[in-house]
Amino acid sequence: ITDFCYTYLKMSLLRIAILSVVALLSATGAARTGVISNLVDACKTRRTPGDDIRFRLDCTVIFNIGDDNKRMIVTDGDGSAEVFLHEPEFRHRLRFGDRLRISGPLTADSPAKEMRRLFCDTQELLPTKGTVQPKPITAKELLSRTPDLMPVEIRGTVIDACIEDVLADWALLILDCQGLN
């Protein structure tokens, strides 16, 4: 009986060791590779050490932040993100509706689901203009930040307007939307 118990104990310890190695490999995961082709997936995919995941997207400029074409908000129709372009060489300031093909690696800082930022190492201006239709939303949806970074249409009455102090080209509108102001 003692030899049986000893053998059973050795087998149990071996099983535990094998299961531990399998669990460790599952937790760390093997390095992933691939190319992501839409903004929603690019913004929700988490990079882990050793991954070689890139994104390659055709998108439309919603808003260009600054005059150097390095930082802007883009959409591919399904999602939106803030993108940082590496040394863009466009002849004109990119505007609403300009189409871009962007690509880059998912980095430790991108994408952060909460931030939706992508850092591009290549970019190309596409010859066609894009169309972006604003999505009609309610004031509650706007306050929930669900449509963050997306063009929206909201119905309301302007009750006040002013020019922003820091960015003189920004106008602030105070709206009354069905009792929410």
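For the structure, see preceding data.
Residues numbered from 1 in each chain as written. Predicted model: local features only at pLDDT ≥ 70, side-chain atom pairs only at ≥ 80, totals over all residues. Heavy atoms only, no water.

## What about the environment of G130?
Here is step 1: Note that G130 resides in the loop between β7 (122-129) and β8 (135-137).
Here is step 2: With 54 residues separating them in the primary sequence, G130 and D76 have C-alpha atoms 9.6 Å apart.
Here is step 3: Contacts of G130, omitting those with residues within four sequence positions, involve T60, G97 and R99. (Helix = DSSP H or I, 4+ residues; strand = E, 2+ residues; numbered from the N terminus. Contact = heavy atoms within 4.5 Å.)

## Observations regarding the nonpolar core
Here is step 1: F55, M72, V83, L85, L100, I102 and L118 are the most contacted members of the largest nonpolar core, which totals 21 residues.
Here is step 2: Looking at this core, the elements with two or more residues in it are α2 (39-44), β2 (52-64), β3 (71-75), β4 (80-85), β5 (98-105) and β6 (117-120).
Here is step 3: Broken down by element, this core gets its largest block of residues, five residues, from β2.
Here is step 4: If we skip the residues at most four places from it in the chain, L85 touches N69, K70, M72, F90, L100, I102, C120 and Q123. (Core = buried A, V, L, I, M, F, W, Y, C linked by side-chain atoms within 4.5 Å. Buried < 20%, exposed > 50% of the residue type's maximum accessible area, 1.4 Å probe, protein only.)

## Points about unusual backbone geometry
Here is step 1: Unusually for a residue other than glycine, N69 sits at a positive phi of about 60 degrees.
Here is step 2: In this structure, N69 sits in the loop between β2 and β3.
Here is step 3: What makes N69 buried here is its relative accessible area of 5%.

## Considering the pattern of salt bridges
Here is step 1: One pass over the full model with this rule turns up six salt bridges.
Here is step 2: With its nearest N and O atoms 3.0 Å apart, the salt bridge here joins R54 to D121. A residue pair is termed long-range when its members are at least 10 positions apart, and R54 in strand β2 and D121 in the loop between β6 and β7 qualify at 67 residues.
Here is step 3: Residue R54 is classed as partly exposed on the basis of its relative accessible area, which comes to 28%.
Here is step 4: Through salt bridges with shared partners, one network takes in D58, R101 and E124. (Salt bridge = Lys/Arg side-chain N within 4 Å of Asp/Glu carboxyl O.)

Bear in mind that shape data such as this cannot, by itself, settle questions of function.
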